[in-house]
Amino acid sequence: MISLPLSPRHRPALRILVYAGLASLVLWLLLHLSFDKSTPWTGFPDAERSPIPSEEWETRAERVKEAFLHAYHGYEKYAMPKDELRPVSNKGMNSYNGWGVTVFDSLDTMLLMELKEEYTRALEVVKAANFTMTRQNRGFVPFFETTIRYLGGLLSAYALTNDTLLLRRAEELADALDPVFETPHGLPAFSVNPISGEYDKNDVGILAELGSFQVEYTYLAKASGKKKYYDRVKNLNDFFHRTNLTVSRGMLPTRWNLQTGLPRDPNKVSVGAQADSTHEYFLKQYLLTGKTDKRNLESYLRTTTYILTNLLYLTPRRGLLYVTDTTFPTYDDPAGVPSHTFEHLSCFLPGLLALGAHTLPLNNLEGVGLDYTSLGDGPLYNGTSQLYKALKDFDLKQLHLWAAEGIAQTCWLTYADQPCGLGPEEVLMLTEPARHWDAAAKKWVPQSRSYLWTDAMRKWKKGGARGPIPGVSPKRPAPWTEEDRAAGKPNERDYHVWKAGYLLRPETVESFYLLWRTTGDVKWRTRGWAIFEAVERETRTNGGYVTLKNVATSPTMKGDSMPSFFLAETLKYLYLLFKEDDPLPLDRWVFSTEAHAVPVFEWTDEEREGEGLIE
Ligand code: DMJ
């Protein structure tokens, strides 16, 4: 045995050193063996576990159809031809131009549900609408809402019926809106007066409103054969692809200056309010054009890479995976400080990621002529290549799908945690400490030798099975009622409700629909059913369905509105989620941001550049 030549004076110091070494080893093992600190939960409520027969799903789809009829009949009775129903006072209100937005937004839902009588009556409103005239907003028509609700509704109904009246009306509407593109860079202004052709001169442009016409205008160009509609799309894509995105590292910032064509706050990025659908349309435009529009594929990959590496976080105790936005940068954090708010609007993201994982060859992008790691090359993206390198150790398709599942689960829990079973508009996540998903996920991937060792330990501990990546393991609801609060019971949800209203929005059930269709996992259906039951229980009135003021109580105060997207999107996605057959397969149809389905078509580069289209 080797004995160290230490004097008795040094022995206590050596002992301390040995103990400290051992303690650090134990601490290191603890940290590395338990990345996802939430309680693992392998069970689901009965509804999620027990197999539900096919006829029962059909019955559930019929229940949604009945809900649609209740909402639409209430609108017809009390509000038509005004835009939307006030379902408490049973009156109509004009929110978007006064042409009957609920009718236009509902057309394709009626066609899907085979509601012939309602559809026939709706066509009369479509015929009568005067697109050059509105008594609202001094005669100004908002471009974004008019495009996604009216134009999208007309185009989808045209795609489903081939009725040329609908296409003609769609062209008339797009022509009335066209002066919005007369800004210095051809980006759409907020609104236009179709009679005078004057457009809103506000310099500030919001990303969602600048880029969410691609899908509608591209399909309109294809259906009408007219190049002028596609020219608007092409100009937008040219603009996006000459913009310097080094500061926001490949993701488009939220606010723009329409005069200069530059971002107003280059560090502020979001997937939620004011930004969402422009990001969404990168993938959808690529799919709509039969996977030929490569520039949009590149934008989708740049955007999702930034989201996966920078905007995803895990909450401290439950390990909820969420996406947040960034506010103003600081010296220490030049990329912008995360707000840690999580919006209902952002719950479209998991569905989009699932759709991308399902339709794109994410692990073989070379096959479509794309070098993933070179997406950060060039002066416009300078310094972003480390983002792509950071993900190179992952199975990219699996990573996108995990992010989708984890975020969708959090969306679900923000519903299931509430006493009324419906999710709030916005929550603020706890951040002590906030964990970057990217960092936790990287630790999860075996990279170094020492990591391989912990991986081997984990396999041994779990009988060979590797634990799920952080944020994805099943988690139970953590209800917290007003009574719990009064009794001093701790809030174990890992978030505070920030904006407590429930606005009948679609994003969560939209993602459940896309996850169900792309993964076949029935839990998305059963969760969707729980949400539908809560909608029926908490929001149904004699006239229709209401928004709620506060999800923390049941029953709760009602808001007097029924937005048209409830009929266009929420009820459509729920209906499709429960329908056993698939009337709109995802390889042949693309859903616009307002859930209006338009068919995929092949488009060669020449065609896209205008060949075969009428000037
Ligand atoms: C809808 O009008 C659209 O989905 C839009 O893109 C975002 N918000 C609403 C629904 O929440």
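Nothing here was measured: the structure is a model prediction, and the numbers come from that model. For every chain, the first residue of its written sequence is number 1, and the numbers climb from 1 along that sequence. Local features are withheld for residues below a pLDDT of 70 in this predicted model, meaning they are given only at 70 or higher, and side-chain atom pairs are given and counted only at 80 or more; totals for whole chains, interfaces and linings count all residues. Here the side-chain values reflect all heavy atoms present in the structure, with hydrogen atoms and water set aside.

A helix here means a DSSP run of H or I that spans at least four residues, while a strand means a run of E at least two residues long, and both kinds are numbered starting from the N terminus. Helices and strands together make up the secondary structure of the protein, namely 22 helices and 17 strands. The cut-offs for exposure are 20% and 50% of the maximum accessible area for each residue type, with area from a 1.4 Å probe on protein chains only; residues under the lower value are buried, those over the upper are exposed, and the others partly exposed. Going through the 615 residues of the protein one by one, you find that 59% of them count as buried. Residues count as neighbours in contact if any of their non-hydrogen atoms are within 4.5 Å of one another. Partitioning the intrachain contacts of the protein with sequence separation of at least 6 by distance along the chain shows that 74% fall at a separation of at least 24. Just so you have it, the protein exposes about 25000 Å², and 55% of that area is on carbon and sulfur atoms. Only the protein chains shown count as covering a residue, and every accessible area follows the Shrake-Rupley method with a 1.4 Å probe.

This part is about the environment of Leu-288. Positionally, Leu-288 belongs in helix 11 (residues 276–288). With residues near it in sequence (within four places) discarded, Leu-288 still touches Val-215, Thr-218, Tyr-219, Val-590, Val-598, Pro-599, Val-600 and Phe-601.

This part covers the nonpolar core. In this structure, Tyr-217 and Trp-437 are the most contacted members of the largest nonpolar core, which totals 171 residues. Counting residues per element, this core draws most heavily on helix 15 (residues 396–416), which supplies 11 residues. Once residues within four sequence positions are removed from consideration, Trp-437 is found in contact with Leu-308, Leu-312, Tyr-313, Leu-314, Leu-321, Leu-399, Trp-402, Ala-403, Ile-469 and Pro-470. Put simply, a nonpolar core is a bunch of buried Ala, Val, Leu, Ile, Met, Phe, Trp, Tyr and Cys residues held in one set by side-chain atoms that sit within 4.5 Å of each other.

Okay, the layout of surface pockets next. Approximately 610 Å³ is the volume found for the largest pocket. Lining the largest pocket are 30 residues, with Phe-144, Glu-145, Asp-276, Leu-345 and Arg-505 positioned closest to its centre. Only helix 6 (143–161), helix 8 (207–211), helix 11, helix 19 (507–519) and helix 21 (564–578) provide two or more residues apiece to the lining of the largest pocket. In terms of residues, the lining of the largest pocket owes the most to one element, helix 6, which gives 4 residues. Basically, the charged four are Asp, Glu, Lys and Arg, the nonpolar ten are Ala, Val, Leu, Ile, Met, Phe, Trp, Tyr, Cys and Pro, and anything else, Gly included, counts as polar. Grouping the amino acids of the lining of the largest pocket by side-chain chemistry returns 13 nonpolar, 6 polar and 11 charged. Buriedness of a pocket was judged along seven lines, with at least five required to meet protein on both sides within 12 Å; pockets are open sets of points on a 1 Å grid over the protein atoms alone, cavities are sets where a 1.4 Å probe fits but cannot get out, and lining residues have an atom within 4 Å of a point. Grid points are joined across faces, edges and corners, and a volume is the space filled by probe spheres set on the points.

Note on definitions. A residue lies near a molecule or strand when any single heavy atom of the residue is within 4 Å of it. Taken together, Ile-148, Asp-276, Leu-345, Arg-505, Pro-506, Glu-507, Phe-565, Glu-569, Thr-593 and Glu-594 make up all the residues around the ligand. Arg-505 places a polar side-chain atom, nitrogen or oxygen, 2.6 Å from an oxygen atom of the ligand. Definition of a polar contact: a pair of N or O atoms within 3.5 Å, with one able to donate and the other able to accept a hydrogen when the atoms are protein atoms, and with sequence-neighbouring residues admitted only if both atoms are side-chain atoms. One nitrogen or oxygen atom from the side chain of Glu-594 is found 2.6 Å from an oxygen atom belonging to the ligand. Protein chains shield 92% of the accessible area of the ligand, which is 300 Å² for the free molecule. Cavity and pocket membership follows a simple rule, namely that a molecule belongs there if more than half of its atoms are within 2 Å of the grid points. Judged by the proximity of its atoms to the pocket grid, the ligand belongs to the largest pocket. Partitioned by chemical class, the residues of the shell around the ligand number 4 nonpolar, 1 polar and 5 charged.

Before going further, it helps to examine the state of the cysteines. When the sulfur atoms of two cysteines come within 2.5 Å, that pair is taken as a disulfide. Inspection of the entire model under this criterion finds 1 disulfide. Each sulfur of the disulfide joining Cys-347 and Cys-411 lies 2.1 Å from the other. Judged by the sign of its S-S torsion, about -100 degrees, the cystine formed by Cys-347 and Cys-411 is left-handed. One end of the pair, Cys-347, is in the loop between strand 10 (341–343) and helix 13 (349–359); the other, Cys-411, is in helix 15, and 64 residues separate them in sequence. Taking the relative accessible area as the measure of exposure, Cys-347 reaches 2% and is therefore buried.

For the rest of this paragraph, the subject is the side chain of Asp-417. Within the secondary structure, Asp-417 sits in the loop between helix 15 and strand 11 (426–429). Here Arg-318 takes part through its side chain, which lies 2.8 Å from a polar atom of the side chain of Asp-417. A distance of 2.8 Å separates the side chain of Asp-417 from the backbone nitrogen of Ala-478, its partner in a polar contact. Among residues more than four places away in sequence, those in contact with Asp-417 are Arg-318, Pro-477, Ala-478, Pro-479, Trp-480, Arg-493 and Tyr-495.

On the basis of which strands lie adjacent, the open sheet formed by 3 strands has the order 10-11-13 and antiparallel pairing. Two strands bound the open sheet, and with one partner strand each, they are strand 10 and strand 13 (495–499). Each strand of the sheet is rotated relative to its neighbour by a mean of 30 degrees, with strand direction disregarded. Lines fitted to C-alpha atoms define the axes, with helix axes restricted to the stretch in contact, and inter-axis angles between N-to-C directions lie between 0 and 180 degrees. Running over the sheet, helix 15 touches strand 10, strand 11 and strand 13 and is turned about 85 degrees from strand 10. Whether two strands pair comes down to DSSP finding at least two bridges between them.

Okay, the sheet that holds strand 9 (residues 321–323) next. Spatial ordering of the open sheet is given by 9-8-12, a layout of 3 strands whose pairing is antiparallel. With partners counted over all chains shown, the strands left at the sheet margins are strand 9 and strand 12 (435–436), one partner each. Where helix 15 meets the sheet, its contacts fall on strand 8 (312–314) and strand 9, and the angle it forms with strand 9 comes to roughly 95 degrees.

What follows is about the confidence of the model for the protein. As a per-residue quantity, pLDDT reports the predictor's confidence and falls between 0 and 100. Residues at a pLDDT of 70 or more form 89% of the protein, whose mean pLDDT is 90. At the level of individual helices and strands, the protein shows its lowest average pLDDT in helix 17 (residues 449–461), which scores 45, and its highest in helix 21, which scores 99. Counting contacts from residues 31–44, a segment whose pLDDT is below 50, to residues more than four positions away or on other chains yields 34 contacts. The low-confidence segment residues 447–453 (pLDDT under 50) makes 13 contacts with residues lying over four places distant or belonging to another chain.

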